[in-house]
Amino acid sequence: MSENIVEIIDLCKTYKDTKAVDHIHMTIQKGDIYGFIGRNGAGKSTTLKMIAGMIFPTSGEIRLFGEARNQFTARRIGSLIENPGLYPNLSAFDNMNLKAIAMGLKDKEKINEYLHLVQLDPQDKKIVKKFSLGMKQRLGIALALLGNPDLLILDEPINGLDPEGIREIREVIQYLNETKKITILISSHILLELSKIATRYGIIRNGQMIEEISAKELDEKCRNYLSVKVSSADRALSLLEENLDIHDYTIHENNEIRLYDDIESAAVTSLLSQHDIQIYQIYYQKQDLESYFLEKTGGNNHD
Ligand code: ATP
């Protein structure tokens, strides 16, 4: 059975009269790269801060690694939420060293390892003030890795980066997930930035969780298909299989068949009508990932 790393039950956070997070349920399983998607102001950061223990919920429950939050579960989480809190006049290594000292970590080799991992050079004396945004974000991730977390929480780590910077962060995330076996929770308001790596998604809108869906389920939903509503799905399918070599399909309510094979609607219509099967409706359904998410997150643009 898969292990739940994060389980959120009926979580709420209210600021005066703003319901930032409104009765959310969420499950993140071991090994997930969980993409948390929603427009600006949807409630992503507030949720992540509650999981990371930076703010308290108004109500609800957060279970981490199968337990109620406690000092031990807190130590298993690394996070990069909002500003990574870097010292601008220090190098990457010195920033890491200061945090390691503050955390009581003695193994200096880990600093080198984590910096290499995020593709920064521990020997480089360049100070953080002169870093690109991408370098700062990668250093932020390296800082979050100190303490060897099992869960890494990243709030919009690719926001504002150029395509090269985005690719670098993606590679780091994939490496941490696949090789270091770290479960990742990453938020973004732009789906396409996450769609190459996320294994599961949570979609949040106006503080409410609209949908949790695996990458596989999402792929299924976003496939193009020919929908055919007929008088008898069983008879139609045996004819389609036999005569048009159709094998990739699903059956839905009201005798609707969805055909995923590349097929002309005219061929289907002609075959079925020859055999006295009535066609009530036939149309092509095309939905790409981006339009699916725009519909769910409630926006026509990204802001
Ligand atoms: P963004 O990427 O813009 O931060 P988000 O999805 O992370 O978006 P949140 O930052 O969680 O959204 O904000 C959710 C709602 O809660 C917003 O309406 C925001 O204005 C409000 N909010 C967040 N923090 C506070 C706060 N400290 N005090 C009052 N309201 C807040």
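Residues numbered from 1 in each chain as written. Predicted model: local features only at pLDDT ≥ 70, side-chain atom pairs only at ≥ 80, totals over all residues. Heavy atoms only, no water.

1. Comments concerning the packing of helix α5 (residues 133-145) against helix α6 (residues 163-178)
Phase 1 of the analysis: Where α5 meets α6, the closest approach of the two axes is 10 Å, and the angle between their N-to-C directions is 20 degrees. Judged by the angle between their axes, α5 and α6 are roughly parallel. As α5 packs across α6, the resulting crossing turns out to be right-handed. On the side of α5, the interface is formed by Gln137, Arg138, Ile141 and Leu145, while α6 contributes Glu168, Ile169, Val172 and Leu176.
Phase 2 of the analysis: A breakdown of the residues in the contact of α5 with α6 according to their chemical character gives 5 nonpolar, 1 polar and 2 charged. (Axes fitted to C-alpha atoms, helices over the stretch in contact; angles between N-to-C directions. Helix = DSSP H or I, 4+ residues; strand = E, 2+ residues; numbered from the N terminus. Parallel < 35°, antiparallel > 145°, perpendicular 65-115°, else oblique. Left-handed = near helix turned anticlockwise from the far one by under 90°. Contact = heavy atoms within 4.5 Å. Nonpolar A, V, L, I, M, F, W, Y, C, P; charged D, E, K, R; others polar.)

2. Concerning the sheet that holds strand β3 (residues 33-37)
Phase 1 of the analysis: A sheet is described by the order of its strands in space; here 6 strands give the open sequence β6-β7-β8-β3-β9-β10, paired in mixed fashion. Single-partner strands in this sheet number two, and they are β6 (77-80) and β10 (208-214). On average, each strand axis in the sheet is tilted by 15 degrees relative to the strand beside it, whichever way the strands run.
Phase 2 of the analysis: Pairing between β6 and strand β7 (residues 151-155): 4 bridges, direction parallel. Across the sheet, the residue bridging to leucine 80 is leucine 154, located in β7.
Phase 3 of the analysis: Contacts from α5 reach β6 and β7, with the element oriented near 160 degrees to β6.
Phase 4 of the analysis: Together, β3, β9 (200-205) and β10 form the strand contacts of helix α11 (residues 289-297), whose direction differs from that of β9 by roughly 40 degrees. (Pairing = 2+ DSSP bridges.)

3. Topic: the site of the ligand
Phase 1 of the analysis: Around the ligand, the surrounding shell consists of Tyr15, Thr18, Ala20, Arg39, Asn40, Gly41, Ala42, Gly43, Lys44, Ser45, Thr46 and Glu156.
Phase 2 of the analysis: Contact distances for the ligand include 2.6 Å between an oxygen atom and a backbone N or O atom of glycine 41.
Phase 3 of the analysis: Glycine 43 is positioned such that a nitrogen or oxygen atom in its backbone is 2.9 Å from an oxygen atom of the ligand.
Phase 4 of the analysis: Burial of the ligand by the surrounding chains reaches 59%, relative to a free accessible area of 630 Å².
Phase 5 of the analysis: For the shell around the ligand, the secondary structure elements donating two or more residues are β2 (18-29) and α1 (44-52).
Phase 6 of the analysis: Top contributing element to the shell around the ligand by residue count: α1, with 3 residues. (Near = heavy atom within 4 Å. Polar contact = N/O pair within 3.5 Å; in protein donor to acceptor, adjacent residues only side chain to side chain. Areas by Shrake-Rupley, 256 points an atom, 1.4 Å probe, with all protein chains shown as cover.)

4. Quick word on the packing of aromatic side chains
Phase 1 of the analysis: Applying the stated criterion to the full structure yields 4 aromatic pairs.
Phase 2 of the analysis: Their ring planes at 80 degrees and their centres at 5.7 Å tell us that tyrosine 292 and phenylalanine 293 sit as a pair that is edge-to-face. With respect to class, tyrosine 292 is no different from phenylalanine 293; both count as buried.
Phase 3 of the analysis: Through a chain of ring-to-ring contacts, three or more aromatic side chains come together here, namely Tyr201, Tyr292 and Phe293. (Phe/Tyr/Trp six-rings, centres within 6.5 Å; stacked < 30°, edge-to-face > 60°. Buried < 20%, exposed > 50% of the residue type's maximum accessible area, 1.4 Å probe, protein only.)

5. Observations concerning the domain arrangement of the protein
Phase 1 of the analysis: The domain architecture assigned to the protein consists of domain 1 (4-215) and domain 2 (223-286).
Phase 2 of the analysis: Centre-to-centre, using C-alpha coordinates, domain 1 lies 45 Å away from domain 2. (Domains from an automatic or database assignment.)

6. Re the sheet that holds strand β11 (residues 225-230)
Phase 1 of the analysis: In space, the 4 strands of this open sheet follow the order β12-β13-β11-β14, with antiparallel pairing throughout. Looking along the sheet, the strands with just one partner apiece sit at the ends: β12 (249-252) and β14 (279-285). With strand direction ignored, the average angle separating the axes of adjacent strands in the sheet is 15 degrees.
Phase 2 of the analysis: Summarising the sheet, β11 and β14 pair through 6 bridges and their orientation is antiparallel.

7. Overview of the nonpolar core
Phase 1 of the analysis: Formed by 46 residues in total, the largest nonpolar core has its most connected members in Met96, Leu139, Ile141, Leu152, Leu176 and Ile184.
Phase 2 of the analysis: Sort the elements by how many residues they give to this core and α5 lands first, with 7 residues.
Phase 3 of the analysis: Those residues in contact with leucine 176, other than ones at most four positions away along the chain, are Leu117, Ile141, Leu145, Leu152, Lys181, Ile182 and Ile184.
Phase 4 of the analysis: Core analysis: the second largest hydrophobic core is formed by 24 residues, Val21, Tyr34, Phe36 and Met209 among them. (Core = buried A, V, L, I, M, F, W, Y, C linked by side-chain atoms within 4.5 Å.)

8. Thoughts on α1
Counting along an α-helix, one turn takes 3.6 residues, and residues three or four places apart therefore face a common direction.
Phase 1 of the analysis: Among the 9 residues that make up α1, 7 are buried, leaving the element largely enclosed by the rest of the structure.
Phase 2 of the analysis: After α1 finishes, the residue glycine 53 shows a positive phi value of roughly 80 degrees.

9. Re α6
Phase 1 of the analysis: Look at α6: 22 Å from first C-alpha to last across 16 residues, which is about the 22 Å you get at 1.5 Å a residue.
Phase 2 of the analysis: Regarding α6, the residues found buried are Gly165, Ile166, Glu168, Ile169, Arg170, Val172, Ile173, Leu176 and Asn177.
Phase 3 of the analysis: Each element contacted by the buried residues of α6 is listed here: β3, α4 (108-117), α5, β7, β8 (183-188) and α7 (191-194). (Expected span 1.5 Å × (residues − 1).)

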